[in-house]
Amino acid sequence: MIWLTWRQFRAQFLAAAAVLAAATGYLVIVGLQLHSGFDNLPADCDGLCPGAGRLIGRYRNPYYIGSALVLLAPALIGAFWGAPMIARELETGTHRLIWNQGVRRGRWLAAKLLVTAAAAMLVTGLLSLLVSWFADPLDRLNQDRFQPLMFDVRGLVPLGYAAFAVALGACAGLFLRRTTAAMAVTLAVFTAVQVLMPLAVRPHLRPAVHSEVALNATTLGTARMFGFSGDTLGPDSPMIASLDIPDGWVLTGNEPQAVRHADGRAVTFGTQPCRAEAGGPATRECLAQADLHIAVDYQPADRYWPFQWIETAIYLALTAALAALTTWGLRRRLG
Amino acid sequence: MIEFHIEPRSGVAPYLQLVHQVRQALRLGLLHQGDRLPKVKDVAAKVAINPNTVLKAYRQLENEGLVSPKPGVGTFVTGTLGDPATSEHEPLRQELRRWLASARAAGLDPESIEALFHQTFRSTAEEER
Amino acid sequence: MTAIVETRALTKRYGRRTALADCTLTVPAGRVVGLVGPNGAGKSTLLQLACGLLTPTSGTVEVFGRPPAADSAQLGRVGFVAQDTPTYAALTIADHLRLGAKLNPHWDAALADRRIRRLGLDPSQRAGRLSGGQRAQLALTLAIAKRPELLLLDEPVAALDPLARRAFLQSLMEFVAESESEATVVLSSHLVSDLERVCDHLIVLADSRVRADGEIDDLLATHFRLTTARRDPDTLPAGMRVIHAEHTERQSTFVVRADAAVDDPSWAMEPLGLEDLVLAHLETAADLRPALEPQR
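What this report covers is the structure whose coordinates are included nearby. Note that the coordinates shown come from a computational prediction; the quantities given were computed from them, not determined experimentally.

1. Focus on the overall build of chain A
Assigned secondary structure in chain A consists of 11 helices and 6 strands. In terms of C-alpha radius of gyration, chain A reaches 25 Å, well past the compact-globule figure of 20 Å for 335 residues. Within chain A, the fraction of its 335 residues that count as buried is 50%. Sequence separation of at least 24 residues holds for 78% of the intrachain contacts in chain A that already meet a minimum separation of 6. Side chains of chain A give 27 positive and 22 negative charges; the mean places of these two sets differ by 22 Å.

Below, the structure is given as structure tokens:
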């Protein structure tokens, strides 16, 4: 069975291997330059020094290309390896040939799923490793690996995505019986799950940490936004800010939060300390002394790997459920 | 060795067609005593015919005393069929000629003669049974 | 006579469409059984139920006294050549044989190689480039080299030209002769002349019902066409079952089933060819249909 699976699957696998090889060549060459550029940065550069900005800017395109490859690989594998697995047999009628050999349908499916999922995880895993190595300097400068899109393309989770996509494709193929329809549905469902996961599931894998962060020189340095809200600036306009937790995941995201005094009162334009002459926000140096606070919900950086494991496990469980559903469908239907 | 063929539109059962063909070959001198008939398997594969049909034909020929099987070797011709030109048939032929002449004189066309012959042939066969 | 395939009230529905309804039949051992009937009679459904590709909606089907495709041992005993003889277009002939060898416990590699060589096929050729006849032969080789005890063939020659059809039937008969009645073959077709050649048992199926079932020689010996002056079928002697009747103003033509021909000056009774015999049963089935099927 493994031989047959490999024989039928060879061409697709070699095509993927070729893409992987091309990506490897490109990212290794560019990556070596990037790594030496990173090594030449001053030792105390924390992502804000001018050299870091230049480095990030120069390697933005390969960085995006690499991330896009890891992001797309499971989806494409699901559509091109998973969906045809059963649908193609049904379309060409060869299921009537193969299911009458001396191998039960369940075993046939198990071998196909295992070999294809293993190949999918291998290809995606290698790609993820490669891109992780390549992007390592930039990840250290950006400190954003917990952010939704970054989380998806690093570490373990791409393996889970790949296995899930294969099982999803196979299942869609069985119930839709047409390869193209199965491919489309696989892509659509996979994308939907990938969008739902960071929006609805991942934030709740562990209760978020709620913390009142004191605004000082360091935290103000990571503030991505700082100012007053409201259409017109008046005495009652609240002061708002949004903070980044380095390598953590701020769940309030880009939504700026109200800045409060130590006693909980919101700071407004009228009541702000260190009033600036021009009517704009006060200087950061002055504010850092003013004992102001901001509330932040976030997943801290040390939860990164637990979250990777949990999410991978969730996807593998979904894979197993789909495989079971496909086995059940294969045994009872086909009419 | 002879070759068989089957004519599906003839209305004659396939096994009987094979029997007729062996008899014909005996009459025409294509088969002699001691000749081996083709193997059942070869006939089945060559003519695309059910091997049981071939077996049935060979059994029928065996019952007629024309062939006999030697286990593990094959089926061999053991009997002969009289040549229709032999002298003992001659008086019968003369008689039939005379009868045909009188039938024609009575106004029967060839088709009616044939029908009359077959009908009479069948009913006497029935009576003898 | 042991039954190789036995169905009881076997029914298969696809949604609201009924493909096979309440079909009860047995396939005797060691025979080449022809399954004949009009398109849509349920022949293909019946064969696919027997090899376990389909599961019944209701009723039972048993092969060797067990449910079809129950385990790999059972699968190994049944060969199936599906309609249009599907093969993997991208795989070579050698790949197909290797597939058979890897997946079947009793695979006869020597037999498979011998057949492919005798057919003059190049093992390195892709199945997608074979002609219809060659593809059918490849599918038959795969099914035969399993050394099946039951070989099911679903309209294998329907799409073939006469030459390829003859070659296919020759291969099939060679298998039957070599198996020396150990194997049972069920072959569906609507080409009665082919079935007459290669089968020794016939099952006529129409509207899921078995209309006639028996050894071909017996069927031929007991079916007659009776031509007579117009008369009521009820006035025919007992022992004659009327299968089909047609009347003109003066004449009645019956297809009857009787143990032997009865000579009577008032009629002509002659044997019936297999094709006409099958047609008589099918026409009767078609005549009965409106009465059997209530209007929806």
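2. Section: the pattern of salt bridges
Think of it this way: side chains of opposite charge can pair up when their charged atoms draw near. For the structure on display, the rule yields 21 salt bridges over all chains. Taking the shortest distance from any N to any O, the salt bridge between D136(A) and R140(A) comes out at 2.8 Å. You can see D136(A) and its partner R140(A) sitting in helix 5 (residues 105-142), 4 residues apart, about one turn around the helix. Judged by relative accessible area, which is 26%, D136(A) ranks as partly exposed. In this structure, E178(C) and K41(B) form a salt bridge, with 3.3 Å as the shortest nitrogen-oxygen distance. Of this pair, E178(C) sits in helix 6 (residues 162-179) while K41(B) sits in helix 2 (residues 40-47), which puts the two residues in different chains. For E178(C), a relative accessible area of 30% corresponds to the partly exposed category. Take K41(B): its relative accessible area is 32%, and that puts it in the partly exposed class.

3. Some words on the interface of chain A and chain C
Each side of the interface is counted separately: chain A has 25 residues, and chain C has 34 residues. Buried area between chain A and chain C, both sides added, is near 2400 Å², and the carbon and sulfur share of it is 60%. Three residues, W3(A), R96(A) and N100(A), lead the burial of chain A against chain C; their summed loss comes to 30% of the area buried on that side. Put simply, chain A and chain C have 1 salt bridge between them. Linking R7(A) and D95(C) is a salt bridge whose minimum nitrogen-to-oxygen distance equals 2.8 Å. At the surface where chain A touches chain C, the tally comes to 7 residue pairs in polar contact (both at pLDDT 80 or more). Of all elements in the fold, only helix 1 (2-39), helix 3 (60-92), helix 4 (95-98) and helix 11 (304-332) of chain A reach the threshold of two or more residues within the side of chain A that touches chain C. For the side of chain A that touches chain C, a count of residues per class yields 8 nonpolar, 9 polar and 8 charged.

4. Details of the nonpolar core
Residues W81(A), W108(A), L150(C), L151(C), L152(C), L153(C) and L202(C) are the most contacted members of the largest nonpolar core, which totals 116 residues. In this structure, L34(A), A52(A), Y59(A) and V153(A) belong to the second largest nonpolar core, which totals 25 residues.

5. A few points about the sheet that holds strand 4 (residues 58-63) of chain C
Residues and elements named next belong to chain C. Here we have 3 strands laid out as an open sheet, ordered 2-1-4, and antiparallel in their pairing. Each edge of the open sheet carries a strand with a single partner, namely strand 2 (17-28) and strand 4. The mean inter-strand angle of the sheet, taken between neighbouring strand axes irrespective of direction, is 15°. By the bridge criterion, 5 bridges tie strand 1 (residues 3-14) to strand 4 in an arrangement that is antiparallel. Bridging from a neighbouring strand, R8 pairs with T60 of strand 4. Against the sheet, helix 1 (residues 43-50) engages strand 1, strand 2 and strand 4, with an angle of about 120° to strand 1.

6. Concerning unusual backbone geometry
Residue and element names in this part refer to chain C. The phi dihedral of D84 is positive, around 65°, even though this residue is not glycine. Structurally, D84 can be placed in the loop between strand 5 (78-81) and helix 3 (93-103). Of note, the phi angle at E155 is positive, near 45°, even though the residue is not glycine.

Cut-offs applied
Residues numbered from 1 in each chain as written. Chains lettered and ligands numbered in written order. Predicted model: local features only at pLDDT ≥ 70, side-chain atom pairs only at ≥ 80, totals over all residues. Heavy atoms only, no water. Helix = DSSP H or I, 4+ residues; strand = E, 2+ residues; numbered from the N terminus. Rg over C-alpha atoms; globule rule 2.2 N^0.38 Å. Buried < 20%, exposed > 50% of the residue type's maximum accessible area, 1.4 Å probe, protein only. Contact = heavy atoms within 4.5 Å. Lys, Arg positive; Asp, Glu negative; His and termini not counted. Charge placed at Lys NZ, Arg CZ, Asp CG, Glu CD. Salt bridge = Lys/Arg side-chain N within 4 Å of Asp/Glu carboxyl O. Buried area = accessible area lost by both parts, 1.4 Å probe. Polar contact = N/O pair within 3.5 Å; in protein donor to acceptor, adjacent residues only side chain to side chain. Nonpolar A, V, L, I, M, F, W, Y, C, P; charged D, E, K, R; others polar. Core = buried A, V, L, I, M, F, W, Y, C linked by side-chain atoms within 4.5 Å. Pairing = 2+ DSSP bridges. Axes fitted to C-alpha atoms, helices over the stretch in contact; angles between N-to-C directions.

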